[in-house]
Amino acid sequence: MSGTRSDGELLRAIAADSDRRAFEELYRRYAPWLNARLRGRCADPAVVDDVVQETFLAVWRGTARYHEDGDAAGWLWRIGSRRLVDALRGDGARGRLRQALARLRHRDEASAEERVLAGVEHGDLAGALVRLSPELRAVLQATVIDGLTTREAAVLLGIPPGTVKTRAMRARKQLREELA
C-alpha cells in the first residue's frame, strides 16, 4: 500500500490546502474508531454521531491544531472526548441520567479498553487494575488514560468534582499498596 499517506501527511494536506481527499481518507481511517470509543462513554448514539461530526469539522475548519510530534489518534480522541463532555454538559440532568442508565446496563460487560488494561503485563499492574472497583477504574480511565480534567471527568461520569478527586486518590493508593 505504497499510495497510503501517513496521518501527518493527511493532516498537513488538510491544514495547508483544504485537501478534501486527504480529509475523506482521514475520516474513513478514524471515524469508525472514534465512534466506537465514544459509544463506550455515552449511551445515546445520536449524541455520539454529533460529536464525531463536530470533531472532524474542527479538523476541517482548522480550529483544532495538530502538532507534528503527537499521535493523530490520541489528538482526535482528545478533541472528541472534550466535545462529548461539552455535549453532555448541554444535556444537563437528562444527559447524566442517560449515562447512569448506560453504566447500569453495561455494568457486567467489560469494555474493550478494560480488557486491554487487564491484558497489560507490567508487573502485576493488570491484576491491580482489575481488582479496582468499577467506580475507581472509571475515574482513572477518564483522568489518566483519556487525559480529562477533574471537572471534565465529573461531567462525563455524572459525579461531583470532589468525588472524582477522592476516587482518584483512593485508586492511586490502592494501586500503590498492591504494587509495592
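Placed above this text is the structure.
Calculation rules
Residues numbered from 1 in each chain as written. Predicted model: local features only at pLDDT ≥ 70, side-chain atom pairs only at ≥ 80, totals over all residues. Heavy atoms only, no water. Helix = DSSP H or I, 4+ residues; strand = E, 2+ residues; numbered from the N terminus. Buried < 20%, exposed > 50% of the residue type's maximum accessible area, 1.4 Å probe, protein only. Core = buried A, V, L, I, M, F, W, Y, C linked by side-chain atoms within 4.5 Å. Contact = heavy atoms within 4.5 Å. Polar contact = N/O pair within 3.5 Å; in protein donor to acceptor, adjacent residues only side chain to side chain. Phe/Tyr/Trp six-rings, centres within 6.5 Å; stacked < 30°, edge-to-face > 60°. Axes fitted to C-alpha atoms, helices over the stretch in contact; angles between N-to-C directions. Parallel < 35°, antiparallel > 145°, perpendicular 65-115°, else oblique. Left-handed = near helix turned anticlockwise from the far one by under 90°. Nonpolar A, V, L, I, M, F, W, Y, C, P; charged D, E, K, R; others polar. Salt bridge = Lys/Arg side-chain N within 4 Å of Asp/Glu carboxyl O.

Details of the environment of Arg21
Okay, so step 1: On the secondary structure map, Arg21 appears in helix H2 (residues 20–39).
Okay, so step 2: The class of Arg21 is exposed, set by a relative accessible area of 68%.
Okay, so step 3: Sequence separation of Arg21 and Leu10 is 11 residues, and the distance between their C-alpha atoms is 8.8 Å.

Quick look at the environment of Asp50
Okay, so step 1: Along the chain, Asp50 turns up in helix H3 (residues 45–61).
Okay, so step 2: Relative accessible area serves as the criterion here: at 46%, Asp50 is assigned to the partly exposed category.
Okay, so step 3: Spatially, the C-alpha atom of Asp50 lies 8.8 Å from that of Ala87, the residues being 37 residues apart in sequence.

Here we look at helix H1 (residues 7–17)
Okay, so step 1: Every buried residue belonging to H1 is among Asp7, Gly8, Leu10, Leu11, Ala13 and Ile14, and all of these are buried.
Okay, so step 2: Downstream of H1 by a residue or two, Ser18 has a phi angle that is positive, lying close to 50°.

Observations regarding the nonpolar core
Okay, so step 1: Formed by 38 residues in total, the largest nonpolar core has its most connected members in Leu26, Leu38, Phe56, Val59 and Leu84.
Okay, so step 2: Of all elements in the fold, only H1, H2, H3, helix H4 (72–91), helix H8 (134–145), helix H9 (150–157) and helix H10 (161–179) reach the threshold of two or more residues within this core.
Okay, so step 3: Looking at this core element by element, the count peaks at 9 residues for H4.
Okay, so step 4: Not counting the four nearest positions on each side in its chain, Leu38 is found in contact with Val48, Val51, Val52, Trp77, Gly80, Ser81 and Leu84.
Okay, so step 5: One finds Leu129, Leu132, Ala171 and Leu175 within the second-largest nonpolar core, a separate group that totals 7 residues.

Topic: unusual backbone geometry
Okay, so step 1: Backbone geometry at Ser18 places phi at a positive 50°, although glycine is not the residue there.
Okay, so step 2: With respect to the helices, strands and loops of the structure, Ser18 is situated in the loop between H1 and H2.

Overview of the side chain of Asp7
Okay, so step 1: With respect to the secondary-structure elements, Asp7 resides in helix H1.
Okay, so step 2: At 2.5 Å, the side chain of Asp7 forms a polar contact with the side chain of Arg29.
Okay, so step 3: Those residues in contact with Asp7 that lie beyond four places of it in its chain are Arg29, Tyr30 and Ala72.

Some thoughts on the packing of aromatic side chains
Okay, so step 1: Following the criterion strictly, the structure yields 4 aromatic pairs and no others.
Okay, so step 2: Summarising the aromatic geometry, the rings of Tyr30 and Trp33 are spaced 6.1 Å apart at their centres and angled 80° between planes, so their arrangement reads as edge-to-face. Residue Tyr30 and its partner Trp33 are both found in helix H2; the two are separated by 3 residues, about one turn of the helix.
Okay, so step 3: Tyr30 sits in the buried class, given a relative accessible area of 11%.
Okay, so step 4: Its relative accessible area of 32% is what places Trp33 among the partly exposed residues.
Okay, so step 5: Pairwise contacts between aromatic rings join Phe23, Tyr27, Phe56 and Trp60 into one cluster.

Notes on the packing of H1 against H2
Okay, so step 1: At a minimum axis separation of 8 Å, H1 and H2 run at an interaxial angle of 135°. Judged on the interaxial angle alone, H2 and H1 are oblique. As H1 runs across H2, the sense of the crossing is left-handed. Where H1 abuts H2, its residues Asp7, Leu10, Leu11, Ala13 and Ile14 lie against Ala22, Phe23, Glu25, Leu26, Arg29 and Tyr30.
Okay, so step 2: Its residues assigned to classes, the contact of H1 with H2 shows 8 nonpolar, no polar and 3 charged.

Some words on the pattern of salt bridges
Okay, so step 1: Applying the stated criterion across every chain yields a total of 7 salt bridges.
Okay, so step 2: With its nearest N and O atoms 2.5 Å apart, the salt bridge here joins Arg29 to Asp7. Of this pair, Arg29 sits in helix H2 while Asp7 sits in helix H1; the two residues are 22 residues apart in sequence, bridging distant segments of the chain.
Okay, so step 3: Overall, the relative accessible area of 28% leaves Arg29 in the partly exposed class.
Okay, so step 4: A salt bridge links Glu152 to Arg82; the shortest N-O distance between them is 3.5 Å. Placement of the pair is Glu152 in helix H9 and Arg82 in helix H4, with a sequence separation of 70 residues.
Okay, so step 5: Given a relative accessible area of 30%, Arg82 falls into the partly exposed group.
Okay, so step 6: Members of the salt-bridge network, linked through shared partners, are Asp7, Glu25 and Arg29.

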